[in-house]
Amino acid sequence: ARYEEVLNEYEALDMNTVDFIFICYDGQEYINGIRPEPVEAFDGITGDPTTILGSLASSIYVMNAGYPDIQYVYMSPIFCYTKDDSGKKVACDKYDTGFGSISVYLDAARNTSTYAGMSYLDLFTGIDLYESNANSYLESDGITPNKKARQMMAERIATLLSGRLQ
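Residues numbered from 1 in each chain as written. Predicted model: local features only at pLDDT ≥ 70, side-chain atom pairs only at ≥ 80, totals over all residues. Heavy atoms only, no water.

Asks: Talk me through the sheet that holds strand E1 (residues 20–24); I want residue IDs and the actual numbers.
Replies: The strand order E1-E2-E5 describes an open sheet built from three strands, whose pairing is parallel. Where the open sheet ends on each side, the last strands, each with one partner, are E1 and strand E5 (119–121). Averaged over all pairs of adjacent strands, the angle between strand axes in this sheet comes to 25°, irrespective of strand direction. Bridge analysis of strand E2 (residues 71–75) against E5 gives three bridges, and the strand direction is parallel. Bridge pairing in E5 places Tyr74 opposite Tyr120. Across the face of the sheet, helix H3 (residues 52–66) comes into contact with E1 and E2 while running at roughly 170° to E2. (Pairing = 2+ DSSP bridges. Helix = DSSP H or I, 4+ residues; strand = E, 2+ residues; numbered from the N terminus. Axes fitted to C-alpha atoms, helices over the stretch in contact; angles between N-to-C directions. Contact = heavy atoms within 4.5 Å.)

Structure, rendered in structure tokens:
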């Protein structure tokens, strides 16, 4: 029911009234050990839509064609945990899931956003969420931000918007 509600709201939205679209990359490729798609592989519409970064680049290419005045902001993942081969929870900045630690994926996300003509908002280093305080800001899964973390993310977004709207 919630999906249909959101879909109806989206379909009723006049995209000509939209100034910004914020897209959050949640790092699922890192968590699942999927190779980040190199930006050189994209040529707009033929980017590999089976990867998160590929689908992003392709989507923005298509959306820009219809709505070139919208400013797209790509937000990085925040600090999170993943699991090592034994199932133990480990910090994303200290563990290689197969293609590097989260820093490799942050670089790929930043490069993809630049290639796609988007702004990049660094939430990984832009909010005060680290391994030392993660239990206060993440849900029990070690990935999902809780209300306090979402508040920090919202404040970072507000700072970006206040600078752009002045």
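Next comes the rest of the account.
Asks: Explain the packing of aromatic side chains to me, using residue names and the numbers behind them.
Replies: In this structure the tally under the stated criterion is three aromatic pairs. Taking the centre distance of 5.4 Å and the plane angle of 70° together, the rings of Tyr30 and Tyr105 count as edge-to-face. With Tyr30 in helix H2 (residues 28–31) and Tyr105 in helix H4 (residues 102–115), the pair connects residues that are 75 residues apart, well separated along the chain. Judged by relative accessible area, which is 0%, Tyr105 ranks as buried. Across from the ring centre of Tyr81, 5.0 Å away, lies the NZ or CZ of Lys89, which sits over that ring. If you follow Lys148 out to its NZ or CZ, it ends over the ring of Tyr137, 5.5 Å from the centre. (Phe/Tyr/Trp six-rings, centres within 6.5 Å; stacked < 30°, edge-to-face > 60°. Buried < 20%, exposed > 50% of the residue type's maximum accessible area, 1.4 Å probe, protein only. Lys NZ or Arg CZ within 6 Å of the ring centre and 35° of its normal.)

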